[in-house]
Amino acid sequence: MRIATTWLCCCSGCHVSMLDLHERLLKLFEDVELVHCPVLMDVKEIPDDVDVALIEGGIRNEENVEVAEELREKAEVVVALGTCACYGGVPGLANLFSNEELLEAVYVETASTENEEGTIPSEGVPELTWRVHPFSDVIEVDYELPGCPPEPDRIAEVLEAILEGEEPELPGYNLCEECPREKREEGLIIPEIRRPVEGEPDPDRCLLEQGYLCMGPATRAGCGARCPKAGVPCTGCAGPTDRSVDQGARMLSTIASAFRADEDEVDPGELVERLRDPVSWFCRFTLPASLIPFRVDR
Amino acid sequence: MAKDWEPKIIAFCCNWCSYGGADTAGVGRMQHPPSARIVRVMCSGRVEPSLVLKAFREGADGVFVGGCHLGDCHYQSGNYKWWRRAEALKRYLEQIGIEPERFRYEWISASEGEKFAQVMTEFHETILELGPLKLDERLKKL
């Protein structure tokens, strides 16, 4: 089995997560030849006849498009590895700004930048695409494995399934189902909204019930609820479940429905006051794959 | 602006009040612009933000949601849930760059045909002033 991996618009964290398989990786790679992997190998060109391509990262520039298309042509199976590949990921929040604004911010406006002439690199660098995309906008994807990064065990399961010629499966349900925190039996009620720095969370109870904006209800399970277990609200890195079209909209709906749901006449003013930045909070990982994937008036 | 452009409005109306209000407007032959396509839902509490966003994505220039008056909900608290969602969604729309005026919700009872016709006329005028949203062209951009 010939495997190629590559990175597009990403941080290489998913590759690192794969390396975190440690000894299991050796076992997994007994029948596998790694033919292309810019993170580990000094390779320039993608070889022909790739069986499985693991692509990390989304589409941010013309080079990303080219590499994705070439791999699609040469590989039998293409796997989107990680949330940037599946949904655009954190870099996708750039879609809230125009390319001009972004380049100005990066190359001219930052306090530590010395660039008196305001030069913006334009030669020998690939052109930015109009916005960030999940790469499924550009090429066909066979399997998606979201997570920022995906858990090493999930990566192994997916790879093992593909090597065995089986369909890899992801949990279709949400994070709350695998979160061990205690939940109220009558359903979710959020009495107030607290920022992560406010107060100290009860170690056993559901974080949302305590007012911390945990993305569990709108997020795909599979990580074992690592963050909530450690007392940190889920940020939704694994993207939406099979049952929702838009992770951010789902979360917005959940929060608004559950906010003081035990009282009849609730003025929404206080809720809105506390939701200062709903787009970056609820679409942190999935904006480029959401229903409205960019700022419309940018 | 192209002369042949007419606002496209998607109106989600609850079965028990606003849809009845639209009926009353029709039966009473009250005039309002035909730009709204009404989608009947059982309760405004059934309308989630993704429905509104999807309507915009698929070509609506404006989205309207009509529910029972507060306190009159057939399911007791459905419209209160919708109210909170609607206000949160407004903030979301603002941030994503869709003019919040393109999104309107009202409480219209089944007997308020006149209010229905009036709101539809006003909303049509508002969208006419704002012009087409033109999302589809930009959605196709790489």
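All values derive from a computational prediction rather than experimental measurement.

**Some thoughts on the pattern of salt bridges**
Side-chain pairing between opposite charges can occur once the charged atoms of the two side chains come close. All told, the structure shown has 23 salt bridges over all chains when counted by the stated rule. A salt bridge links Glu157 of chain A to Arg154 of chain A; the nearest nitrogen and oxygen atoms lie 3.0 Å apart. Placement of both Glu157 of chain A and Arg154 of chain A in helix α6 (residues 152-163) is noted, with a separation of three residues, approximately one turn of the helix. What makes Glu157 of chain A partly exposed here is its relative accessible area of 38%. The exposure class assigned to Arg154 of chain A is partly exposed, which follows from its relative accessible area of 23%. When the shortest N-O distance is used, the salt bridge between Lys90 of chain B and Glu87 of chain B registers 4.0 Å. Placement of the pair is Lys90 of chain B and Glu87 of chain B together in helix α3 (residues 78-96), with a separation of three residues, close to one helical turn.

**As for unusual backbone geometry**
Negative phi characterises most residues that are not glycine, and trans characterises most peptide bonds. Between Cys148 of chain A and Pro149 of chain A the backbone carries a cis peptide bond, its omega angle lying at -10°. Tracing the backbone through its elements, the reader meets Pro149 of chain A in the loop between β7 (143-145) and α6. One non-glycine residue, Arg260 of chain A, adopts positive backbone phi at about 50°. For Arg260 of chain A, a relative accessible area of 17% translates into the label buried. Phi angles above zero are rare outside glycine, and Lys134 of chain B is one such case at about 50°. Considering the arrangement of structural elements, one finds Lys134 of chain B in the loop between α4 (113-130) and α5 (135-140). Using a relative accessible area of 47% as the deciding quantity, one classes Lys134 of chain B as partly exposed.

**Things to note about the interface of chain B and chain A**
Contacts between the two partners involve 28 residues from chain B and, on the opposite side, 41 residues from chain A. On inspection of chain B and its partner chain A, the count reaches zero salt bridges. The interface formed by chain B and chain A includes 13 residue pairs in polar contact (both at pLDDT 80 or more). When contributions to the side of chain B that touches chain A are tallied by element, the ones reaching two or more residues are α2 (49-57), α3 and α5 of chain B. With 12 residues, the single largest contributor to the side of chain B that touches chain A is α3 of chain B. Residue composition of the side of chain B that touches chain A, by class: 14 nonpolar, four polar and 10 charged.

**Quick notes on the side chain of Ser50 of chain B**
Position of Ser50 of chain B relative to the elements: it lies in helix α2. Overall, Ser50 of chain B belongs to the buried group, its relative accessible area being 10%. The contact partners of Ser50 of chain B, leaving out residues within four places of it in the chain, are Val245, Ala249 and Leu291 of chain A.

**Notes on the sheet that holds strand β1 (residues 2-7) of chain A**
Residues and elements named next belong to chain A. Across the sheet, five strands lie side by side as β2-β1-β3-β5-β7; this open sheet has parallel pairing. On the outer flanks of this sheet lie β2 (33-36) and β7, each paired with one strand and no other. Recorded for the sheet is a direction-independent mean angle of 30° between the axes of neighbouring strands. Taken together, the three bridges between strand β5 (residues 75-81) and β7 define a ladder with parallel strand orientation. Its bridge partner lying in β7, Leu81 is registered against Leu145. Contacting β1, β3 (50-56) and β5, helix α3 (residues 62-74) runs over the sheet at an angle of about 135° to β5.

**Considerations on the state of the cysteines**
All told, the structure shown has one disulfide over all chains when counted by the stated rule. Between the sulfur of Cys17 of chain B and that of Cys68 of chain B lies a disulfide, 2.4 Å long from S to S. Between Cys17 of chain B and Cys68 of chain B, the disulfide has an S-S torsion of 95° and is therefore right-handed. In this pair, Cys17 of chain B sits in the loop between β1 (9-14) and α1 (18-27) while Cys68 of chain B sits in the loop between β3 (62-67) and α3, placing the two residues 51 residues apart along the sequence. Of the two residues, Cys17 of chain B and Cys68 of chain B, both sit in the buried class. Take Cys176 of chain A: it sits in no disulfide, and the sulfur closest to it among the cysteines is that of Cys214 of chain A, at 6.4 Å. Of all cysteine sulfurs, the one in Cys234 of chain A lies closest to Cys283 of chain A, which takes part in no disulfide; the gap is 14 Å. On the basis of relative accessibility, which here comes to 0%, the residue Cys283 of chain A falls in the buried class.

**Observations concerning α4 of chain B**
Residue and element names in this part refer to chain B. Between its first and last C-alpha, α4 extends 26 Å over 18 residues, near the 26 Å set by a 1.5 Å rise per residue. For α4, the full list of buried residues reads Gly113, Phe116, Ala117, Val119, Met120, Phe123, His124 and Ile127. Mapping the buried residues of α4 onto a view down its axis gives an arc of 165°, with all of them on the same face. Across α4 from its buried face, at more than 90 degrees, point the exposed residues Glu114 and Glu129. For α4, the elements touching its buried residues are β1, α1, β2 (36-41), β3 and β4 (103-107). Looking one or two residues beyond α4, the residue adopting positive phi is Gly131, at roughly 85°.

**Things to note about the sheet that holds β4 of chain B**
Residue and element names in this part refer to chain B. Pairing within the open sheet is parallel, and its four strands lie in the order β2-β1-β3-β4. Edge strands, defined here as strands with exactly one partner in the open sheet, are β2 and β4. Across the sheet, the axes of successive neighbouring strands diverge by a mean angle of 20°, strand direction being ignored. As defined by bridge partners, β1 adjoins β2 across six bridges and the pair is classed as parallel. Considered in β2, the bridge of Cys14 is made with Val41.

Conventions and cut-offs
Residues numbered from 1 in each chain as written. Chains lettered and ligands numbered in written order. Predicted model: local features only at pLDDT ≥ 70, side-chain atom pairs only at ≥ 80, totals over all residues. Heavy atoms only, no water. Salt bridge = Lys/Arg side-chain N within 4 Å of Asp/Glu carboxyl O. Helix = DSSP H or I, 4+ residues; strand = E, 2+ residues; numbered from the N terminus. Buried < 20%, exposed > 50% of the residue type's maximum accessible area, 1.4 Å probe, protein only. Contact = heavy atoms within 4.5 Å. Polar contact = N/O pair within 3.5 Å; in protein donor to acceptor, adjacent residues only side chain to side chain. Nonpolar A, V, L, I, M, F, W, Y, C, P; charged D, E, K, R; others polar. Pairing = 2+ DSSP bridges. Axes fitted to C-alpha atoms, helices over the stretch in contact; angles between N-to-C directions. Disulfide = S-S within 2.5 Å. Expected span 1.5 Å × (residues − 1). Arc of directions from axis to C-beta.

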